[in-house]
Amino acid sequence: MDQFNSFNISRRRDDDRLIPLDKWDEIESALATKNDKNTAIQQNYHDFEGQKKISMLRRTTIVYGIFELVRHVVEEKSSILSRNNEILQNICSVDNFLVRIIHDVDENFDTSWEVTGVLMKCPHLGLRLNSLNSFSGDIFDEDSTGRNVEAEIDDLMSSEKCSQIRSESQNQNQKHGMEVEMRVCHLLGRLFYRIFSSNSNDNDIGIKLHGKGLSGADNYFPMEAQSANEEQDCLVSNISLYSKNDEGGCNKANLTRNSSNDKYLKKKTSQGSIIPLTELGCSSNVWTLVKNLIDCGLMDFRPDDSYPSLQVASDDIHLMLRDPGRFLFSNESILAAGQNDDTSFKVIPEIVKDKLYGRGNEISTITNAFCRVASSGESAALFIRGWSGCGKSSLVSNTFVPIRVAGGYIVSRKFDEVSTISPLSVVISALDELCVLVRERNSKEELSAIQEKLVRDFGTNLPKLFHALPNFRELFTAEAASCHLKQQQHISNGLNFEGLCFAMQCFMRVISSESRPVMIFLDDLQWADKPSLGLVHTVLSDIKKMNTLFFVGTYRSHEVQQDHVICRFINSLESFGVEITHITLEGMIEEDVNALISDSLSMFPRICRSLSSLLYHRTRGNPLFTIEFLESLVKHNLIQYSFRERRWVWDESKVKDEELSNNILHLLTTKMGELPPRRQEALKVASCFGSQISKLALEILSKSSKYTDLSTELDKAAREGFLELVGSRSSGEFTAIKFHHDKIREAAYGLINKDELDRYHHDIGMVLHLNAHGDDEEELIFSIVHHINCGFSVLLKCPSEEQISIAQLNLRAGKKAIQHSSFMSAHSYLKVGVELLPEDSWENQSKLSVDLYFLLSKAAYALGLIDDANTMLKTTIEKVKKLEDKLDVYFLYIKTLLFKREFHEAFETCRWILSELGENLPDAVGDDNIDATSLETYSMYSCLTNSNFLKMKQNKCQRQIAVMKFYNQLITVTYHAASRQMRQYYICKWAQSNLTNGCCTLTPNCLATFSCILTNWILDTKEGYRIGKIAVDMMNRFNVVAECAPLVYISVYAYVAILVEPIQACVDMMQKGYEQAMSNGDTYMAASNLAQKIPKSLFCGTRLQALNDEIRSQLTRNNGSLHTPYWLIYQDTVSLLIDEDAMSPTIEADLLDRQTAVPLDCLDCLSFLRLISSYWLGQYERAVYYAERKLGNERSKFRIIASEFYHGLALIGMFRRKRKIALMKRIKKSIFELHGAAEHSQWNFQNKEYLLMAEMTSISNQNKAAIIDWYDKAIDRAKRSKFIHEEGLACELAGCHYSSVGKGLIALRYFSQAKECYRLWGSRMKVKHMEKQIQKINATTADQ
């Protein structure tokens, strides 16, 4: 043995020991037999069963090692082994093996030792067992996975001898290999029998079998010394374990064991035959393994379930090690509960329901998609489609652990077909839970940084997030949250849908990052609606690409058609450039079904294959259907547990002939129909609440006599697998009970008679209504109203008093839904409330009627149901007599008119209301009157200092505030329904009213619009700028940034401050105006700010591709809106500057044909951008045409100055070609205008003045030094102002000048600089142009 102790010494541990297999077995067996007598051992093992299991695991490990060694020998040397049966017997002899263990083993019975390898003496081989996890822990743990063993073989034979044997083996017939494998299987089966029998529970039997050691047990296998033919005869007569079964008449094809043979074996025990290992305390799988190996000795007469190869047997042994709870110690709990042969005991298999089979590729697809999001920082979506029950939800759930480990936040929700909350609320609740996760997963320092970013980004809008997300306060300290919550009290109506979407988009920008990506999983998208998916869409398609969101959605493919909202949702995401991954989930393949059944029945997969095949063809591999079908077979006793054989048995012919439903829903319905009536009733009640019923609703219902035993019956249903408890993250207590699967809920809901469905829901709702009080009723109000409204047909038969009461309840629910931005739910509640009003409600229930109609109109408007809102508002206006009682109604009514583009009606309605409120607004006003009113207002304001404005008294009269409110609306309408002069007049009248009546929260809007009049029409830039800045200050003074910022920012920074302050700063303020309008849900003002921001961004050299992306986003989101013509014009201009060759002729013609359908300013915008694009293309005559063209009636001083710049450059370009002296005078006018503008803002305009001067000097052939100086000054000034495109333009024109005077090398330097500027700007068109100029100069230089 010393020669083996030196084996692979470099890889041995210091405490490794080698002992013969026979010696090892004696010590292992002694540990088992002396357990009850040795106190020391009892201290080392938990109990007798624990020691037995540890011993069995060690024996199985050795069996695996021996098997792999022998298999290696057979694969390498099968031809030699086939010629000599004695060699095979010697190789498989117990004396041929040594066991490598950790620590020594002596009479003290040290139990800490563990098997680490097996050695074979002849041929000289060693196998090291590398275990990834030890079995030395709690082997009773159900989650224990045993040993994941990797076998590593070291061939100790000389390389020369190995080569010789391999050479001989390659020349032999392949048939010899199969014969050798069968003989080896038989011999190993005999050896393994001896190893496993030593682990017997029966000490007498154990001692009898191994009293002389393993080698002494050979007399139980008398065939060993016989010839091959004699051996086969002996095996056929004595060891074949299959014959007719006296219990069920099953033959060997049915995989049902022969009990009569068991009797034979028992009888033969005294005669020297083998005893079934199941009688010695081993599991049925161990006995199956050994017996099927032994049966291989029958060669051509071996039974069907004997092993076909060594590889299959190796797989079974490895399976016992990898999952001992199922395959090595299987069914022990059943034996204990059934008390051995008590066949009356009903046994239910532990069917595996929470494990995925065959979904490895899909899991990799999901995790890889998440990793791409985390690494790129860009959001992406993944959609999983498949039939109900195919495991879509389980698939996603199995990715949660690795994603959490990677640092991701995970929130998941599911939509319900029947639910008391709206789909939009489902998405909002997911985002609300995200707040809790952020709180739990971040340190104090990280939370502090998040708080600062939230406050900075949201500013005065922060209270809206507290309002929309209840758990948002978790991100702040108690003191900070209290401060913000005080501001929240001013929010009564919540965010509308657009505002909510934008707020959630900004929230995600702060919360998510590459290090903390967010995964949102929404299950059953087929039951989502447009608003809920619209919210997800907004967050995913963030144009700034600042969100790191991984969205996963699942849906039933057979319930989604091409026109479904999901398909439109996916297509829209693709148009926004969101990366999308699709997974189509089919049923499990037959091999995976077999694995599921194998795990559930704790039987080797090969034994279950025929049963699995039957189930696969009935269920098509649908996991839910397969599980339910398997349970049904057990329930109908088609699969039974045999206590005699300690395993599950079945009759394949009966399973095949059984007439069970091929429809999962019908199968579940039948299963529920066999339950007690009260339990069925409880399931029906729970199903009315959707996928889950809250604990509170359960408690309230249980208070009534009708549902007294509801909780008890649902608890029983949970134990039967229909339901499961939903726990709380914080308290650990259950908060709801949910159905285990949607199909189970559908089956329960289907138990309710359709004729009784309305009454069923109505009764549930009324019980909740009558038994819930105070906070409980407030928490359950949506659920209460939902159930009562589902029984609307029952409501119509109730007395009018009860109908009015329910109408008031719907009004409460509608108000709460609007506060939570759930306008779809609010609309449904309020609509029912209106339908329940009696015919005389406007006379006898006036306030209730007004509230219901107005809030219903508001919800309809928020949902885009403009015609419905308009109709209901008209009805309200007609029914309510006093103007003061319907001012809010009129205000919303005018909004609907604007949306419907009924501008004249909106204009006249505004004027009429203002006249009724005491404002003198004549139908027609002459130019002289307009000028006089303007000068009068100008005088009134110019005499007031800044401090006078800030000290103005605040007007709190509601009537006068209403005047300001409708003036504000009138000014918006005039952009579409009145001339520039009339708008000027109305703005001045508004400004006068503001001074006369005192300031209010709308004063900033009034001052901002009046500053536009002063700057652009009265042409006093200084005074206009002063009034504009006062408007901004007063907005902060009254804390009305949220309400006023959109109009104030667009008025002040797009028309006034842009003449004074750096244009980039003004663009930033217009962006803030856009964001504030979106936070308010005011899409019109948001688009108006953006419509001014984009051309200003173009003018200050913003990267063209970024502009193009923003324009495309607006076209996709808001195509068909009032601002669509602007987006089309901008897109045409920007795409041309990027890489287009010609302008689109259709846009201009389309706008001219529809002058009444577009904003009047749009035509001026078209001419302005045509001027710019024509110049950049070198089309100077065309540019001059657009510069001198007069369309529309808008006057913007900034646009005039910008037009003068390009007009002057175009005239100079024309002069270079035609040399018309008359053009010089007009060029000088442009220079004069730019000089005046530069006096107010050198940053914005001085580089343009310098460039015009350089060009003017160049064409005048004046002082050459002056020419150089002007160009360099223009380049330097443009660079300092960060106008990359105008820096490039100045370089280009300088290069043209030097090229024209023959200084090619200098021109080349300027052209190269221009090319780089244009590259940074993103204009491929100009880069190509510069490359041509450079090539031309290079060619000229080469010729010289």
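Residues numbered from 1 in each chain as written. Predicted model: local features only at pLDDT ≥ 70, side-chain atom pairs only at ≥ 80, totals over all residues. Heavy atoms only, no water.

### Some remarks on the overall build of the protein
Spelled out, the test is: Each helix is a run of H or I in the DSSP string that is no shorter than four residues. Each strand is a run of E no shorter than two, and both are numbered from the N terminus. Exposure is judged per residue with a 1.4 Å probe applied to protein chains only, and the accessible area is read against the type maximum: over 50% gives exposed, under 20% gives buried, and values in between give partly exposed. Working rule for contacts: check all heavy atoms of both residues, and any pair within 4.5 Å makes them a contact. Shrake-Rupley sampling with a 1.4 Å probe provides the accessible areas, and residues are treated as covered by the protein chains on show and by no other component.
The helix and strand tally for the protein stands at 64 helices and 15 strands. The buried share of the protein, taken over its 1344 residues, is 58%. Residue pairs at least 24 apart in sequence account for 72% of intrachain contacts in the protein once pairs closer than 6 positions are excluded. With the model as given, the accessible surface of the protein reaches about 56,500 Å², and the carbon-plus-sulfur share is 49%.

### Looking at the pattern of salt bridges
Our working rule: Salt bridge, as used here, is a side-chain nitrogen of Lys or Arg placed within 4 Å of a carboxyl oxygen of Asp or Glu.
Scanning the entire structure with this criterion turns up 59 salt bridges. The partner of Arg71 in a salt bridge is Glu75, and the shortest N-O contact between them spans 3.3 Å. Of this pair, Arg71 and Glu75 both sit in helix α4 (residues 48-81), four residues apart, roughly one helical turn. With a relative accessible area of 54%, Glu75 lands in the exposed category.

### What about the sheet that holds strand β14 (residues 723-727)?
Test applied: By definition, two strands form a pair when at least two bridges between them are found by DSSP. Angles run from 0 to 180 degrees between N-to-C directions of axes, and those axes are lines fitted to C-alpha atoms, restricted for helices to the stretch in contact.
Read across the sheet, three strands follow the order β13-β15-β14 without closing on themselves; strand pairing throughout is antiparallel. In this open sheet, the two edge strands, each paired with only one partner strand, are β13 (692-694) and β14. Each strand axis lies, on average, 25 degrees off the axis of its neighbour in the sheet, ignoring direction. Bridge analysis of β14 against strand β15 (residues 734-739) gives five bridges, and the strand direction is antiparallel. Among the inter-strand pairings, Leu725 is bridged to a residue of β15, identified as Ile737. Running at roughly 70 degrees to β13, helix α31 (residues 695-702) makes contact with β13 and β15 of the sheet.

### Details of the sheet that holds strand β9 (residues 549-556)
Read across the open sheet, the five strands follow the order β7-β8-β9-β6-β10; overall the sheet is parallel. Where the open sheet ends on each side, the last strands, each with one partner, are β7 (409-414) and β10 (579-585). On average, each strand axis in the sheet is inclined to that of its neighbour by 15 degrees, with strand direction left out of account. Pairing of β7 with strand β8 (residues 518-523), which is carried by six bridges, proceeds in the parallel orientation. If you follow Tyr409 over to β8, its bridge partner there is Val518. Sheet contacts for helix α24 (residues 565-575): β6 (380-386), β9 and β10; angle to β10, the most-contacted strand, approximately 145 degrees.

### Quick word on the state of the cysteines
What counts is decided by this rule: By definition, disulfides here are pairs of cysteine sulfur atoms that lie within 2.5 Å.
All told, the structure shown has zero disulfides when counted by the stated rule. Distance from the sulfur of Cys999, which forms no disulfide, to the nearest cysteine sulfur (Cys1000) is 7.2 Å. Among the residues examined, Cys999 registers a relative accessible area of 0% and is labelled buried.

### A short note on helix α56 (residues 1161-1176)
Let me state the cut-off plainly: Expected span of a helix, by definition, is 1.5 Å for each gap between consecutive residues, and there is one gap fewer than residues.
With 16 residues, α56 extends 23 Å from end C-alpha to end C-alpha; this agrees with the ideal 22 Å at 1.5 Å per step. Here α56 lies mainly inside the structure; 16 of its 16 residues are buried. Count one or two residues on from α56 and you reach Gly1178, which has phi positive near 80 degrees.

### Details of the packing of helix α44 (residues 927-942) against helix α49 (residues 1021-1037)
The angle between the axes and the distance between the axes are what describe a pair of packed helices. The condition is simple: Each helix crossing is assigned a hand: it is left-handed if the near helix lies turned anticlockwise from the far helix by less than a right angle, otherwise right-handed if that turn is clockwise. Residues were grouped as follows: Ala, Val, Leu, Ile, Met, Phe, Trp, Tyr, Cys and Pro as nonpolar; Asp, Glu, Lys and Arg as charged; and all remaining residues, including Gly, as polar.
Across the interface, α44 lies against α49 with an axial gap of 12 Å and an inter-helix angle of 65 degrees. For α44 against α49, the interelement crossing comes out left-handed. On α49, the residues that touch Tyr938, Tyr941 and Ser942 of α44 are Glu1023, Arg1026 and Ile1027. A per-class count over the contact of α44 with α49 returns three nonpolar, one polar and two charged.

### Overview of the nonpolar core
Worth spelling out the cut-off: We call a set of buried residues a nonpolar core when its members are Ala, Val, Leu, Ile, Met, Phe, Trp, Tyr or Cys and they connect through side-chain atoms within 4.5 Å of each other.
Residues Phe472 and Phe507 are the most contacted members of the largest nonpolar core, which totals 234 residues. The residues touching Phe507, leaving out its near neighbours within four places in the chain, are Leu431, Leu434, Cys435, Leu454, Phe458, Leu465, Leu469, Phe472 and Leu475. Formed by 164 residues, the second largest nonpolar core is a distinct cluster that contains Ile62, Ile294, Leu698 and Leu780.

### Looking at unusual backbone geometry
Put simply, Cys122 and Pro123 share a cis peptide bond, and its omega is -5 degrees. One can find Pro123 in the loop between β3 (115-120) and β4 (125-131). Look at Met299: it is not a glycine, yet its phi comes out positive at around 55 degrees. With respect to the helices and strands, Met299 occurs in the loop between α11 (284-294) and α12 (310-322). For Met299, a relative accessible area of 14% puts it in the buried group. The phi angle at Lys1282 is positive, at roughly 65 degrees, despite the residue not being glycine. As for its position among the elements, Lys1282 is in the loop between α61 (1264-1280) and α62 (1284-1300). By relative accessible area, Lys1282 is classed as exposed at 56%.

### Some details on the pairing of strand β2 (residues 97-102)
In the case of a regular strand, side chains alternate between the two sheet surfaces. Of all six residues in β2, six are buried; the element is thus mostly enclosed. Of the two faces of β2, the one carrying Phe97, Val99 and Ile101 and the one carrying Leu98, Arg100 and Ile102 are both buried. The sheet contact formed by strand β1 (residues 16-20) and β2 spans five bridges and is antiparallel. Bridge pairing links Leu18 to Arg100 in β2.

### Re the confidence of the model for the protein
The following threshold applies: pLDDT is a residue-level measure of predictor confidence that goes from 0 to 100.
Mean pLDDT over the protein stands at 82; residues scoring 70 or higher make up 82%. Every residue in residues 1-12 is under pLDDT 50, and counting partners more than four places away or in other chains gives 25 contacts. Note that residues 39-46 has pLDDT below 50 and, in this model, 13 contacts with residues that lie over four places away or in other chains.

### Comments concerning the environment of Cys501
Among the secondary structure elements, Cys501 is positioned in helix α22 (residues 497-511). With 38 residues separating them along the chain, Cys501 and Val539 place their C-alpha atoms 7.2 Å apart. What Cys501 contacts, discounting residues up to four positions off in sequence, is Gly534, Leu535 and Thr538.

### Overview of the side chain of Ser1203
Topologically, Ser1203 is positioned in helix α58 (residues 1197-1218). Classification of Ser1203 by relative accessible area gives buried; the value is 16%. Apart from the residues lying within four places of it in its own chain, the contact partners of Ser1203 are Phe1168 and Leu1171.

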